[in-house]
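As a plain string of letters, each chain reads:
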Amino acid sequence: MGSTACFVMVSKNDIPIYEAEVGIVPKKEDAAHQHQFILHAALDIVQDLAWTTSAMFLKAIDRFNDLVVSVYVTAVLCASFFQEVHELYIKTLLNPLYLPGSRITSSHFDTKVRALARKYL
């Protein structure tokens, strides 16, 4: 059985700016909403942990059934996937047509993130 990863980038205002489910995605329509719920619930844990640790990669901060929430707080290289996605995000921020903190709707960004997920995850 394959696995699914739900990758979400959240702005400093706790607003999801990019979401992608990578891997073998289940056919359940509720899966995306369930992932959103779990990830939003984990944001409180992330906010608390971000002030108490200098680690950038917060592994397994929350669990729900067979789902595990891991977080990368942007700054320093921690894992190749996150570093390359961070570089893509920086390139997006440099685009004068992108408003920082708004949803990332670029098909190029989405394609690159999915390719990186296939490569590293």
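Definitions and cut-offs
Residues numbered from 1 in each chain as written. Predicted model: local features only at pLDDT ≥ 70, side-chain atom pairs only at ≥ 80, totals over all residues. Heavy atoms only, no water. Helix = DSSP H or I, 4+ residues; strand = E, 2+ residues; numbered from the N terminus. Buried < 20%, exposed > 50% of the residue type's maximum accessible area, 1.4 Å probe, protein only. Core = buried A, V, L, I, M, F, W, Y, C linked by side-chain atoms within 4.5 Å. Contact = heavy atoms within 4.5 Å. pLDDT = per-residue confidence, 0-100. Phe/Tyr/Trp six-rings, centres within 6.5 Å; stacked < 30°, edge-to-face > 60°.

Engineer: Give a description of the side chain of serine 11 that names residues and reports values.
Structural biologist: Its location among the elements puts serine 11 in the loop between strand 1 (4-10) and strand 2 (16-23). Of the residues examined, serine 11 reaches a relative accessible area of 11% and is grouped as buried.

Engineer: Which residues make up the nonpolar core, and what are the values?
Structural biologist: Phe7, Met9, Tyr18, Ile104 and Phe109 are the most contacted members of the largest nonpolar core, which has 17 residues in total. A per-element tally of this core places helix 2 (residues 80-93) first, with 5 residues. Not counting chain neighbours up to four residues away, the residues in contact with phenylalanine 109 comprise Met9, Tyr18, Leu88, Tyr89, Thr92 and Ile104. In terms of nonpolar packing, the next biggest core, distinct from the first, is built from 5 residues, Ile38, Val46, Val69 and Val71 among them.

Engineer: Run through the environment of valine 22, naming residues and quoting values.
Structural biologist: Of note, valine 22 is situated in strand 2. Relative accessible area serves as the criterion here: at 8%, valine 22 is assigned to the buried category. Measuring from C-alpha to C-alpha, the distance between valine 22 and alanine 115 comes to 9.4 Å, with 93 residues separating the pair along the chain.

Engineer: An account of the confidence of the model for the chain is requested, with residue identities and associated values reported.
Structural biologist: Averaged over every residue, the pLDDT of the chain is 74; the share at 70 or more is 61%. Summarising per-element confidence for the chain, the mean pLDDT is lowest in strand 3 (residues 57-64) (67) and highest in helix 3 (residues 107-120) (88).

Engineer: Lay out the packing of aromatic side chains in plain terms, naming residues and giving numbers.
Structural biologist: One pass over the structure, following the stated rule, counts 1 aromatic pair. Each ring, one from tyrosine 18 and one from phenylalanine 109, has its centre 5.0 Å from the other, and the planes form 80°; the classification is edge-to-face. Highlighted residues: tyrosine 18 in strand 2 and phenylalanine 109 in helix 3, separated in sequence by 91 residues. Neither residue differs from the other here; tyrosine 18 and phenylalanine 109 are each classed as buried.

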